[in-house]
Every structure is written in structure tokens, then in C-alpha cells.
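Observations on the model geometry
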Amino acid sequence: MSRRTLVDLDAENVDVRFSNKINMLVDFIAPTDLYLVAGRATAKTSEIIANRSMNIIYDMPGSYQMFVSDTYTNALTNVLPALIEGWERRGWRRGIHYQTDERPPAHFKLPYKPPLKYKHTISIHNGTFFNLGSLDQPSGLAGSSYQHRYGDEARLLKKSKLDKSTPALRGEFVRFGHSVYYRGNTFTTDMPNILLNDDEWILTMEKEMDREQVELALDAAIVLNEIKQEMLANEQAGNVSERARLQKSYRHWYELWTRIRKESVFYYAISSLANLDILTDGFFRSSLKALGPEEFKSAILSFKIQISQGEKFYFNLEPKHYIDDGVINSYYDKFSIMDGYSVEESSLALKYIDHNRPIEAGVDFGDMCSMVTGQDNGKYLYALKEFFTLAPENEEQLAEKFRNFYKNHKHRVVDLYYDRSGNQNSKTKRDWASSLKNAIEYRYGSATGWVVNLMSLNQGTIYQEQEYLFAGHLMAEKIEHLPKLRIDRYRCKHLKSSLELTKTLVKTDKNGTRSIHKDKSSEKLPLAQRPLYSTNFSDAFKYWIYRKHWVDHTGSGSSFQGFDAGVL
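Rules and cut-offs
- Residues numbered from 1 in each chain as written.
- Predicted model: local features only at pLDDT ≥ 70, side-chain atom pairs only at ≥ 80, totals over all residues.
- Heavy atoms only, no water.
- Helix = DSSP H or I, 4+ residues; strand = E, 2+ residues; numbered from the N terminus.
- Buried < 20%, exposed > 50% of the residue type's maximum accessible area, 1.4 Å probe, protein only.
- Contact = heavy atoms within 4.5 Å.
- Phe/Tyr/Trp six-rings, centres within 6.5 Å; stacked < 30°, edge-to-face > 60°.
- Lys NZ or Arg CZ within 6 Å of the ring centre and 35° of its normal.
- Pairing = 2+ DSSP bridges.
- Expected span 1.5 Å × (residues − 1).
- Bend = angle between axes of the 7 residues up to and from the residue.
- Axes fitted to C-alpha atoms, helices over the stretch in contact; angles between N-to-C directions.
- Salt bridge = Lys/Arg side-chain N within 4 Å of Asp/Glu carboxyl O.
- Lys, Arg positive; Asp, Glu negative; His and termini not counted.
- Polar contact = N/O pair within 3.5 Å; in protein donor to acceptor, adjacent residues only side chain to side chain.
- pLDDT = per-residue confidence, 0-100.
- Parallel < 35°, antiparallel > 145°, perpendicular 65-115°, else oblique.
- Left-handed = near helix turned anticlockwise from the far one by under 90°.
- Nonpolar A, V, L, I, M, F, W, Y, C, P; charged D, E, K, R; others polar.

The helix and strand inventory of the chain stands at 15 helices and 21 strands. Here the chain holds 568 residues, and 53% of them are scored as buried. Looking at the chain alone, contacts between residues at least 24 apart form 70% of all its contacts between residues at least 6 apart.

See the structure below:
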């Protein structure tokens, strides 16, 4: 948290701030490029980016600036609301200091060039203009030039996509080249987690930092701060002559501080312990309990986590299996920045869907129910959208989430693949598959228009070694008649995490025979952690991909060991 008080000294302002250690350090160094890796609950957006962006806004009035996010949904529901909250905490008000998504009031100054549109933009009263861009719609930032770039949750920003916006940091040197922040960057994140296949590009920025330059900037800032304190004391005492001397010294050190910071890069990694006084030890105890030791290390303590390739169950899973352009650009135009949590996800936004063909879904049942939905078009198998429920939610809520997302789908047919335990107890106990079928097809006793085909009736056990081998073939993309797997990295992020975290377990029986298994110990995690960190979603994925006509092409032949004889 930070607070400021301004005391006017003619041409100079004394800026008094009460701040945590991270904010103070960023304020003092004030580099051209800031790359901050900080644990959760360090207020990276609402404090650090909000405060730094205000400094940049006042230093380059009328400039164009961009805010980059992984998706529009994340930007509109999480990132920008936190940024605006930080601005308003510092006294800014909508319609007076900033305006979103529409032409600003008449008292606002204009940017150096007229905006082409106002949707997904923020206008500032001094003429600074923010444009929002997302990496799932990379064309959104094309065709313009910007003087500064921001991004939160940098671990979610793929470097290859982000690089496409870098050439846009250009233009108007004569107008803005005086500013240390010109063509600069501000990126924050918690520690990238290799187990989740986060992008680690921000960690490489440490080698770009000139430590001596940063230390000189910090030393100059400390001197400036001491001068400011003396200026405040003399202002309060009415000492005019001493104030004049201090103002001259202040200008000298300010010019020196500014020159030192030009083209500077500041990389810093810090844990959530930096906010210990505010968070208290109770926060860390509850976080450890909720997150588990592995995520706690990266998310809270900012430790780098690694996993070896040989441990991975899905050993052929590669970046090529993910798509990051899976939305239609125009869909989110109807939502504004201030809509926040009312932003609605819909299949209408999906680029790779055929609304006139059935939806194919794989489901894993239990106290956590996982559903992977997508389509096979012959050449590609697309995982388009995931859903899950946690107890006490059940198949009714899972069906509701599915219908809400696909409510505009024209061919309302679902081919449902699932574990044989989904309906093996249909006569004696709960029949999960039939219950989900009914929940999708009927709502409060009325037909919804959906038809669900149960594709796994009489199915035998799919052994983990069979899944291991078949998934390896599918992801290798070397068998002609198998489709190429493509997973939407943004709308299937829990599936992505589950596949990348799943480890191989080799067991040896009493005869010395070794067999490959899936390490399912993560399914004992607290319920709230399972969507992101357990193997549950990988099981839903298994049922979705393991189909007779595909398995036969891998050399298993017509016996199809995953199914009972004579079935399918």
C-alpha cells in the first residue's frame, strides 16, 4: 500500500509517500524497463503498476501506451480492474482523470494523434492514451506505435507472441525522447512454474540489467529523497533562503538521476515475505495449506521449480500442440473494460469450431468432475473448452456450465466419452454418465434440445500403459491416419497444466516385470487444488482421445485392448 501528500514549493513539489519496500525500490530506481518477479499478495497491479504507470503518464503526457494480456477475458475481468482500483485509491476518478471504452469528456487533452477507436482503450486527462491488446488476438496492437508497454502475469505471456508487439514501441522521439520511460517496458509476475509450462522469458531479463547503473540510480534517488525531506522541513519552518539553496541542489541531483536512468533495466525477484507486515504469518500458513508445498515455493516464495523430461507421462507433448489464436477478434468488442466479471465466455468466440457438427467430450467423474470438449475434423483434433465442478457441485452444475457456453451451438449433439465406471453401476448405484446425459438434455424437467450419445457403454479398462503408448503416438504426429492434437491454451488451461504435471511411475511386480503407470498421488490434494495440479483432467483427456478407430492405427489392431471383445 502507498499514500502520498503534495506540498507546493513554487515550481517544485515535495512528494511524501508511505509505501512498502518493493514500491519504494521501484520508485527510487524508476528504470526504463522494469521486470519484477514477486510473490502473490504483493499488489503487483494495483500498487506497483498503478503507481509506476501514473509516473509514466505524467512524464509523457499525450503519449500512446499499450497494456498486453494473455486473453481479453483475463484483462477485462482481472488485470485492468486491479489497475483502475489502484488509480482510484490514489485519487483518480472516472470521467475526471480517466475514461474507458468511449470518447473522453471535453476537458481531456488529446493524444499526439487521433485514436481510431475507443473500444478497449483508456483515455487519460492529460492526453495519454492506453490501448488494450491480448496475445490470443495479436492483431489488436498492430498498425500503431506506442511509447511504453505494460503487462501483468508475464509468465502467461508467450515470448514468441509478445515479440510481435515489440516493433510497435517506436515513434515521436522528438516529442517524448526526453523521458526515461520512452520505449520502455513494465512487466510483473509471480515466479514462472516450469511444471505448468509457464513461459520463463522474464527470468532472462536479469542478464540485461547493468547492476552498477541500477545502484547509481538508487544512490542518486536516496540523495534526492533526503533533499526532499529537508525541503519539506524548511517549507514548514518558513526558511526561504535555505529553501532556495535546496531547490538548486534538488535540480542538480534530479538531472543526474534522470541521466543515470536512461536505457536502464531493473530486474528484481522477491517473495511475498516482502509484505509480511501487512499479510501477517497467518496468510503464509493458510497459503501453504491451500496451495501445497510445490506451488507455495513458486507462487509465494518465488523459488524456481523444475521437472525433468524423463519424468513426464505425456513425453511427446510439445508447444506445437497448443493454439493461442483460438478466438474470433470481434467477439469481445461488445464488452467494455468496466464490465469486469460480467464478461461472458461463449462458443461464438471460438475460431476453430464448426457449429453444425457434434461436440465431443471426455469426462472424468468423482468429487471433482472434469470435462474436456472439442471436435475432430479429420485432420485436427481440437480441445476447445474445459469445464469442471468440485463437490458439493455435481453433474447438474457441470451440465449447466456446458450448456451456457455452447448455448449458441446449432447442432446440439454431444458424443460423450468417459470411464467405464461412469455407468457400470447403472442398475444398483449412481450412474454418473446417465445422470450427466439427463442433466444436459433436461433442465427442471423440460427438454433443452441437446442429445447426448453415450460412447463408452460396455467399455473395458483403459490401462495406464496403453494410454501412455497411445498418447505418445498421437502427440508424435507420425502416423498418417491419426489427427493432429491442438489444445486451446487459454480455454483449456487446467487441462494443459494437468498434462504437463502428470508424471510417470514405473512399478515392478513380484516376477520382476516392470510396467508404466500414471502417478496419481496428486488426486489426494485438497479439492480446491485439484483442477490445476492433479491428474483428473488428464483422465478426462484420456477418455476423449482413446477411440477404437484411432488406436487400431497404432498397431493394436482390431482387438483394441481398451475395450471388451465384440464392442464397437
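As a further point, take the packing of aromatic side chains. All chains considered together, the criterion is met by 34 aromatic pairs. Where Tyr64 meets Tyr112, the ring centres are 5.5 Å apart and the plane angle is 65°; that geometry is what we call edge-to-face. Here Tyr112 lies in the loop between β5 (98-100) and β6 (121-124) and Tyr64 lies in strand β4 (residues 64-69), a separation of 48 residues in the sequence. The residue whose ring lies beneath Lys113 is Tyr64, and the NZ or CZ to ring-centre distance is 4.7 Å. In this structure, Lys496 is placed above the aromatic ring of Tyr322, and the distance from its NZ or CZ to the ring centre is 5.3 Å.

Moving on, we get to the sheet that holds strand β14 (residues 380-390). In space, the 7 strands of this open sheet follow the order β11-β19-β14-β13-β12-β15-β18, with mixed pairing throughout. Of all the strands in the sheet, just β11 (322-323) and β18 (451-454) have a single pairing partner and so form its edges. In the sheet, β14 pairs with strand β19 (residues 484-488) via 4 bridges, with the strands oriented parallel. Of the residues in β19, the one forming a bridge with Ala383 is Ile487.

What follows is about the pairing of strand β15 (residues 413-418). The element β15 is largely enclosed, with a buried count of 6 among its 6 residues. Because side chains alternate across β15, one face comprises the buried residues Val413, Asp415 and Tyr417, and the other comprises Val414, Leu416 and Tyr418, equally buried. In the sheet, β15 pairs with β18 via 4 bridges, with the strands oriented parallel. In the sheet register, Leu416 faces β18, and the bridge partner there is Leu454.

With that settled, the discussion passes to helix α2 (residues 44-59). Between its first and last C-alpha, α2 extends 21 Å over 16 residues, near the 22 Å set by a 1.5 Å rise per residue. Maximum bend of α2: about 30°, positioned at Ala50. Counting buried residues in α2 gives 13 out of 16 residues, a clear majority hidden from the surface.

This brings us to unusual backbone geometry. Cis geometry marks the peptide bond from Ala391 to Pro392, where omega comes out at 15°. A positive phi angle, near 60°, is found at His120, a position not held by glycine. Position of His120 among the secondary structure elements: in the loop between β5 and β6. Unlike most non-glycine residues, Glu477 shows phi in positive territory, near 60°. Tracing the backbone shows Glu477 in the loop between α11 (464-476) and β19.

On to the sheet that holds strand β10 (residues 265-270), then. Paired through backbone hydrogen bonds, the strands of a sheet run either parallel or antiparallel to each other. Overall, mixed pairing links the 8 strands, which are arranged β5-β6-β7-β4-β8-β9-β3-β10 in an open sheet. Looking along the sheet, the strands with just one partner apiece sit at the ends: β5 and β10. Between one strand axis and the next, the sheet turns by 15° as a mean value, whatever way the strands run. The sheet contact formed by β6 and strand β7 (residues 129-134) spans 3 bridges and is antiparallel. Each residue of the ladder has a partner; that of Ile122, found in β7, is Phe130.

What follows covers the pattern of salt bridges. Within the structure shown, the criterion is met by 30 salt bridges. Here the residues in one salt-bridge network are Glu467, Lys518, Lys520, Glu523, Asp539 and Lys542, joined through shared partners.

A separate point is the side chain of Asp376. Mapped onto the secondary structure, Asp376 falls in strand β13 (residues 368-376). Of the side chains with opposite charge, Arg547 comes closest to the buried, unpaired Asp376, at an N-O distance of 4.7 Å. From its side chain, Asp376 meets the backbone nitrogen of Gly378 in a polar contact 2.8 Å long. With sequence-adjacent residues up to four places away left out, Asp376 is seen in contact with Arg357, Glu360, Leu381, Pro483, Arg547 and Trp550.

To continue, consider the confidence of the model for the chain. Per-residue confidence for the chain gives a mean pLDDT of 84; residues scoring 70 or more make up 83%. Considering only residues more than four positions removed or in separate chains, one finds that residues 1-12, a stretch of pLDDT under 50, has 41 contacts. With pLDDT under 50 throughout, residues 556-568 is counted as low confidence; its partners more than four residues away or in other chains account for 28 contacts.

Checked against the element boundaries, Gln247 lands in helix α7 (residues 240-261). Taking the C-alpha atoms as reference points, Gln247 and Lys228, separated by 19 residues in sequence, lie 9.0 Å from one another.

Moving on: the packing of helix α1 (residues 21-29) against α2. Contact geometry of α1 with α2 gives a least axis separation of 10 Å together with a crossing angle of 25°. Comparing the axis directions of α1 and α2 gives the class roughly parallel. The chirality of how α1 crosses α2 is right-handed. Where α1 approaches α2, its residues Ile22, Asn23, Val26 and Asp27 are matched on the opposing element by Glu47, Ile48, Asn51, Arg52 and Asn55. Across the contact of α1 with α2, the residue classes break down as 3 nonpolar, 3 polar and 3 charged.

Okay, the environment of Ala75 next. If you trace the backbone, Ala75 turns up in helix α3 (residues 72-89). A relative accessible area of 1% means that Ala75 is categorised as buried. Apart from residues no more than four positions distant in its own chain, Ala75 is found in contact with Ser69, Leu80, Pro81 and Leu132.

With that settled, consider the packing of α2 against α3. Packing of α2 against α3 leaves a shortest axis separation of 8 Å and a crossing angle of 65°. Viewed along their axes, α2 and α3 adopt a mutual orientation that is roughly perpendicular. Judged by the sense of rotation from one axis to the other, the crossing of α2 with α3 is right-handed. Counted together, Thr45, Ser46, Glu47, Ile49, Ala50, Ser53, Met54 and Ile57 of α2 and Val79, Ala82, Leu83, Gly86, Trp87 and Arg89 of α3 form the full contact between these two elements. The residue inventory of the contact of α2 with α3, partitioned by class, reads 8 nonpolar, 4 polar and 2 charged.

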